[in-house]
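Architecture at a glance
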Amino acid sequence: MTVYLVGAGPGDPALLTLRAAEVLATADVVVYDRLSVASLLDLAPADAERISVGKQPGGPRTSQEDINALLVARGRAGQQVVRLKGGDPFVFARGGEEAAALAAAGVAFEVVPGITSAVAVPAYAGIPVTMRYSSTSFTVVTGHEDPAKGEGSVNWEAVAALGGTVVVLMGAARCRAICDRIIAGGMDPDTPAAAVRWGTRPNQRTLRATLATLADLDPQPPATIVIGEVAAADLAWFENRPLFGRRIVVTRAQPQAAALAADLRRRGAEATELPVIAFEPPEDVDRLARAADEVGQYDWVVLTSPTGVAWFFEQLRDARSLGGVRVAAIGPGTAAALAERNVVADLVPEQYVAESLLEALSDEVGPDGPGRVLIPRAQAARDVLPDGLAAAGWEVDVVAAYCTVAPAADPDAAALLANAEVITFTSSSTVTNFVDAYGADAVPEVVATIGPITTATARDRGLEVAVEAAEHTIDGLIAALEDFFTR
Ligand code: SAH
């Protein structure tokens, strides 16, 4: 078997190469460093062994000899080993030493290059490392050696003389000494300089100064330092995204929580999933199955959530039973869930709430008067729609398509909530379950809801609601958050 020396990229998990994802997926063992992003480790099989060899702050570091020995031993044992390293494995990462140890031991190895922070971190700060004519080279230098002692192997004077862009990795702690040496080497002290901490991550911060003043800003590791005309470039994009750096908790059920979190992350947020709701089959599944079989006897079937669509269609044995039945969806999300199953909703009300659907259906009464309606929905739900329809003369059958349950409380929730800025509630039951599990005091500063019903429940449970979606959809909620934070 093979030992893979794999570059994990600078932090943003999306900057992993396809090849790295491929070898991770088949790993028996993953040997990783402290700065590794947890979600990348999730790409390895659940039963793969995960070994941290990184230096914990204040704790011991596994020596390079021990790491080499570990890789050799696991490779010899016939395991598929992934040695995961930040950035590129051959850029200041001692991948060369590990490869040499494997080669000497006769253990097969492969290298999977990664996106190095030396180039990607400046890029995420809006700094191109080269510019035609003005910055025609970039030099990547380690700041690990103490330049003040003058005994290191870095020729800072030569670096200064070259005149292009200088990128210093591992230099935050020695920023002043490094900048002083470069100035002493003849570079103009007014040369623009920047330090980018936690680059490509939701907590990225960019400090901008000059070669003479950068150290005054006291850059903290891990940071990439960029010195040169390009460091003045004002091409920020990553930090300018509407929800950049916002720590947002998502309380929806899975898999919707993951989808919403991904949407938020695309807008720059640091989204965490804390589902306070989960779905289970209804108590009487047979009744749902019968209702699905007999759906052809109804004039309308009304779906009030994507989840309702999913559970109802799971019981729908023959799509043709829907033949002459008209289909109503409470909103675009539900309509999209129907469309995924090749059913085009005949009716979506203007406002995505039960009251509006009720009104829209009342316009649909034919010459023979109101007909029969089937409503497959959550076992516990508001009665506005069925009661209203019945009062208007419709013959209404409500059938439970699924149950919502509260999953066990997450032991990490307190820390997560204390660190968050925003919590999103996408239904009344997310509010109720959240407050029951963690208490009203546990909510982060900003409470955001999908619409008025959820807001009312939140206020009822003692929460202050700062953001309410004008359009009662997930996209509407995201838009409301963007609006709130850019205002
Ligand atoms: N092999 C890595 C570099 C390892 S040296 C690569 O190719 O990127 C570790 C140094 O890289 C850190 O001290 C810091 O200078 C830089 N670095 C790594 N990740 C970074 C990040 N997310 N933001 C800023 N600098 C980072």
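Below, the structure is looked at part by part. Everything numeric here is computed off the predicted structure, so don't read it as measured data. (Residues numbered from 1 in each chain as written. Predicted model: local features only at pLDDT ≥ 70, side-chain atom pairs only at ≥ 80, totals over all residues. Heavy atoms only, no water.)

1. Structural notes on the overall build of the protein chain
Counting its regular elements, the protein chain contains 17 helices and 20 strands. Computed over the C-alpha atoms, the radius of gyration of the protein chain is 29 Å, more than 25% above the 23 Å expected from 2.2 N^0.38 for a compact globule of 487 residues. Overall, the C-alpha framework of the protein chain stretches about 95 × 55 × 45 Å when taken along its three principal axes. A burial count over the protein chain gives 47% of its 487 residues as buried. Summarising the internal contacts of the protein chain: among those between residues at least 6 apart in sequence, 66% fall at separations of at least 24. Surface exposure of the protein chain reaches about 22500 Å², of which carbon and sulfur atoms provide 51%. (Helix = DSSP H or I, 4+ residues; strand = E, 2+ residues; numbered from the N terminus. Rg over C-alpha atoms; globule rule 2.2 N^0.38 Å. Buried < 20%, exposed > 50% of the residue type's maximum accessible area, 1.4 Å probe, protein only. Contact = heavy atoms within 4.5 Å. Areas by Shrake-Rupley, 256 points an atom, 1.4 Å probe, with all protein chains shown as cover.)

2. Description of the packing of helix 8 (residues 256-266) against helix 17 (residues 474-486)
At a closest axis distance of 11 Å, the pairing of helix 8 and helix 17 adopts a crossing angle of 35°. At the point where helix 8 passes helix 17, the crossing takes the right-handed sense. Only I474, I478 and L481 of helix 17 make contact with helix 8, whose side of the interface consists of L260, D263 and L264. Here the contact of helix 8 with helix 17 is built from residues that sort into five nonpolar, no polar and one charged. (Axes fitted to C-alpha atoms, helices over the stretch in contact; angles between N-to-C directions. Left-handed = near helix turned anticlockwise from the far one by under 90°. Nonpolar A, V, L, I, M, F, W, Y, C, P; charged D, E, K, R; others polar.)

3. Thoughts on the packing of aromatic side chains
Each aromatic ring pair is characterised by the separation of its centres together with the angle its planes make. Under the definition given, this model contains nine aromatic pairs. A ring pair is formed by F425 and F434, whose centres lie 5.6 Å apart and whose planes are at 70°; its orientation type is edge-to-face. This pair shows no difference in class: F425 is buried, exactly as F434 is. Owing to a relative accessible area of 0%, F434 belongs among the buried residues under this scheme. Members of the aromatic cluster, connected to one another through ring pairs, are Y124, W237, F238 and F244. (Phe/Tyr/Trp six-rings, centres within 6.5 Å; stacked < 30°, edge-to-face > 60°.)

4. Overview of the site of the ligand
Near the ligand you find 18 residues, and of these V91, T116, S117, G199 and A223 are the closest. V91 is positioned with one of its backbone polar atoms (N or O) 2.7 Å from a nitrogen atom of the ligand. Interatomic distance of 2.8 Å between a backbone N/O atom of M170 and an oxygen atom of the ligand. Of all the secondary-structure elements, those providing two or more residues to the shell around the ligand are helix 5 (117-124) and strand 10 (223-227). Tallied by class, residues from the shell around the ligand come to 11 nonpolar, six polar and one charged. For the shell around the ligand, the two domains that each supply at least three residues are domain 1 (3-114) and domain 2 (119-232). (Near = heavy atom within 4 Å. Polar contact = N/O pair within 3.5 Å; in protein donor to acceptor, adjacent residues only side chain to side chain. Domains from an automatic or database assignment.)

5. A few points about the sheet that holds strand 15 (residues 326-329)
Ordered by their spatial adjacency, five strands build an open sheet running 13-17-16-14-15, and the pairing between neighbours is mixed. Lying at the two open borders of the sheet, with one neighbouring strand each, are strand 13 (278-280) and strand 15. Averaged over neighbouring strand pairs, the angle between their axes works out to 25° when direction is ignored. Alignment of strand 14 (residues 300-303) against strand 15, held across four bridges, turns out to be parallel. Within strand 15, the position partnered with L303 by the bridge is A329. Against the sheet, helix 9 (residues 285-293) engages strand 16 (372-378) and strand 17 (395-405), with an angle of about 135° to strand 17. (Pairing = 2+ DSSP bridges.)

6. Some details on the sheet that holds strand 9 (residues 205-210)
Across a sheet, strands are paired by hydrogen bonds formed along the backbone, either parallel or antiparallel in direction. Here we have five strands laid out as an open sheet, ordered 6-7-10-8-9, and mixed in their pairing. Two strands in the sheet have a free side with no partner beyond their single neighbour: strand 6 (138-142) and strand 9. Strand after strand, the sheet turns through a mean of 20° between neighbouring axes, direction not considered. Bridge count for strand 8 (residues 192-197) against strand 10 is five bridges, and the pairing is antiparallel. Bridge pairing in strand 10 places R197 opposite A223. In the packing of helix 5 onto the sheet, the strands contacted are strand 6, strand 7 (165-169), strand 8 and strand 10, and the crossing angle to strand 10 comes to about 80°.

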